[in-house]
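# Tertiary structure, described
Next come the chains, spelled out residue by residue.
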Amino acid sequence: MSDVLEFAGVGVRRGTTDLLSGVDWSVEEGERWVVIGPNGAGKTTLLQLASGRMHPTTGVAGVLGEVLGAVDVFELRPRIGVSSAAVADRIPAEERVSDVVVTAAYGVVGRWREQYDESDEQRAAELLQALGVAHLSTRRFGTLSEGERKRVQIARALMTDPELMLLDEPAAGLDLRGREDLVGRLSVLAQDLDAPALVLVTHHVEEIPPGFTDILMLREGRVVAAGPIELTLTAENLSETFGLPLVVDRHGDRWAARAAATGDAAAAGAAAGDAPR
Ligand SMILES: Nc1ncnc2c1ncn2[C@@H]1O[C@H](COP(=O)(O)OP(=O)(O)OP(=O)(O)O)[C@@H](O)[C@H]1O
């Protein structure tokens, strides 16, 4: 079994709807994965499995060497860092930024009467520094901009020194400066050999931080393609994933995509046209 994630034939069904079907996916220690796909493709469902917050209906989902359904998820979850809008929504607006981070060590949101070790306070300060938000440590979380909140959330998710870190659309809602700042910081994280395995969900290839190694492309709950980014992130695969003819460009270590013009539609169009609806 892979060290981090090993999904074999994984499906999730709700009522008569298949949210995921036949997903095979392995994530090894040290890998940095992007999960990309259109709205409703099943990306968040996949992360819920990976974080031990949902069990598969079919197949076998291995997470950090344990099989979901045969492990106490309350022991598994602290080993996984999650940054998502759902987690952010649970953080009280009046919470001090430094407390947002340090409380992660105790698996709670909202500081009450807990006593925290000095070493925890020190680690929280270092993480806020690394994410470029140390100057905000005494501010209330609710007063931060969206970009600042995202960075604080990532610091919180790293606080427990997780073995796996899941980032659900970390750049959503950020302006260009905020996005570029975040992509740069995630790139530093991706290249840190001590960082946990990373899985980042996005809708946009422009948000792939340099240093990410692999990509899983999802459409309608099924894997279109998965593997090393340079080999897998092709116009054909992206067109099939999003169901329209797309052109993919690489500029150094960054990616960009746009709708194919009439002239280059032939290259990408066949893939999109043939894609399942
Ligand atoms: N409990 C449920 N019952 C029925 N359908 C559900 C349920 N939960 C999610 N879905 C559907 O499953 C599909 C996949 O949802 P999911 O949130 O995983 O997609 P996503 O790729 O994360 O989408 P987005 O990019 O919009 O966030 C969606 O069509 C959603 O409406």
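On a predicted model such as this, the values are computed, not experimentally measured, just so you know.

Regarding its fold elements, the chain presents ten helices and twelve strands. Considering the chain as a whole, with its 277 residues, one finds that 49% of them fall into the buried category. Excluding contacts between residues fewer than 6 apart, the proportion of contacts in the chain whose partners are at least 24 apart in sequence is 61%. Of the accessible surface of the chain, which amounts to about 12,900 Å², a share of 49% is contributed by carbon and sulfur atoms.

To continue, consider the packing of helix 6 (residues 146-158) against helix 7 (residues 176-190). Remark: helix 6 packs on helix 7, axes separated minimally by 11 Å, with the N-to-C direction vectors making an angle of 20°. Of the possible angle classes, the one that applies to helix 6 and helix 7 is roughly parallel. Between helix 6 and helix 7 lies a crossing of right-handed hand. Residues R151, I154 and L158 of helix 6 touch helix 7, and the partners they reach there are D181, L182, R185, L186 and L189. For the contact of helix 6 with helix 7, the class distribution of residues is five nonpolar, no polar and three charged.

We now examine the sheet that holds strand 4 (residues 58-63). Read across the open sheet, the four strands follow the order 2-1-4-5; overall the sheet is antiparallel. Two strands close off the open sheet at either side, each with one partner strand: strand 2 (17-27) and strand 5 (66-67). Across seven bridges, the pairing between strand 1 (residues 5-14) and strand 2 is antiparallel. Residue pairing for strand 2: E6 is matched across the bridge by S26. Its contacts with the sheet put helix 1 (residues 43-50) on strand 1, strand 2 and strand 4, and the angle it makes with strand 1 is roughly 120°.

Turning our attention to the sheet that holds strand 7 (residues 164-168). On the basis of which strands lie adjacent, the open sheet formed by six strands has the order 6-7-8-3-9-10 and mixed pairing. Looking along the sheet, the strands with just one partner apiece sit at the ends: strand 6 (80-83) and strand 10 (222-228). For this sheet, the mean angle separating the axes of adjacent strands, direction not counted, is 15°. Bridge analysis of strand 3 (residues 32-36) against strand 9 (residues 214-219) gives four bridges, and the strand direction is parallel. The residue bridging V35 from the neighbouring strand is L216, located in strand 9.

What follows deals with the nonpolar core. Residues V152, I208 and L233 are the most contacted members of the largest nonpolar core, which totals 45 residues. Here this core takes five residues from helix 6, the largest share from any one element. Each of two domains, domain 1 (5-233) and domain 2 (234-277), supplies a minimum of three residues to this core. If we ignore the near neighbours within four places in the chain, the residues touching V152 are V97, V100, V101, L128, V133, F141 and L144.

Attention now goes to helix 9 (residues 235-242). For helix 9, the complete set of buried residues consists of N237, L238, S239 and T241. Just downstream of helix 9 lies G243, where phi reads positive at about 70°.

Right, let's talk about the packing of aromatic side chains for a bit. With the rule as written, the count across this model stands at two aromatic pairs. An angle of 85° between the planes, with centres 5.8 Å apart, marks the rings of F7 and W25 as edge-to-face. Linking F7 in strand 1 with W25 in strand 2, this pair joins segments that are 18 residues apart in sequence. Since its relative accessible area comes to 1%, F7 is described here as buried. Of the residues examined, W25 reaches a relative accessible area of 3% and is grouped as buried. Measuring from centroid to centroid gives 5.7 Å for W25 and W33, while their planes differ by 80°, and the two rings are edge-to-face. Both residues of the pair, W25 and W33, count as buried. Linked through ring pairs, F7, W25 and W33 together constitute an aromatic cluster. When the ring centre of F141 is taken as reference, the NZ or CZ atom of R149 above it lies at 5.7 Å.

Calculation criteria
Each chain has its residues counted from 1, running along the sequence as written. In view of the model being predicted, local features appear only for residues whose pLDDT reaches at least 70, and side-chain atom pairs are presented and counted only at 80 or more, with totals across whole chains, interfaces and linings using the full set of residues. To get the side-chain values, all heavy atoms of the structure are used, and hydrogens and water are removed first. Each helix corresponds to a stretch of at least 4 residues labelled H or I by DSSP, and each strand to a stretch of at least 2 residues labelled E; elements are numbered beginning at the N terminus. Exposure classes here rest on a 1.4 Å probe applied to the protein chains alone. A residue is buried below 20% of its type maximum, exposed above 50%, and partly exposed in between. Residues are treated as being in contact if the distance between any of their heavy atoms lies within 4.5 Å. To be clear on the numbers: accessible area is Shrake-Rupley with a 1.4 Å probe, and residue cover counts the displayed protein chains and nothing else. Fitted lines through C-alpha atoms serve as axes, helices being fitted only where they are in contact, and the angles separating the N-to-C directions of these axes extend from 0 to 180 degrees. Any angle that is under 35 degrees is reported as roughly parallel, and any over 145 degrees as roughly antiparallel; angles of 65 to 115 degrees are reported as roughly perpendicular and all others as oblique. Note: crossing handedness is left-handed where the near helix turns anticlockwise from the far helix by less than a right angle, and right-handed where it turns clockwise. Three classes are used, and their members are as follows: Ala, Val, Leu, Ile, Met, Phe, Trp, Tyr, Cys and Pro are nonpolar, Asp, Glu, Lys and Arg are charged, and the others, Gly among them, are polar. Paired strands are those between which DSSP finds at least two bridges. Buried Ala, Val, Leu, Ile, Met, Phe, Trp, Tyr and Cys residues form a nonpolar core when they are joined through side-chain atoms within 4.5 Å. Marked domain ranges trace back to an automatic or database domain assignment. In this analysis, rings of Phe, Tyr and Trp, with Trp reduced to its six-membered ring, are considered paired at centre separations within 6.5 Å, and the interplanar angle assigns stacked below 30 degrees, edge-to-face beyond 60, and tilted for intermediate values. Geometrically, a charge over a ring is one whose NZ (Lys) or CZ (Arg) sits within 6 Å of the ring centre while staying within 35 degrees of the ring normal.

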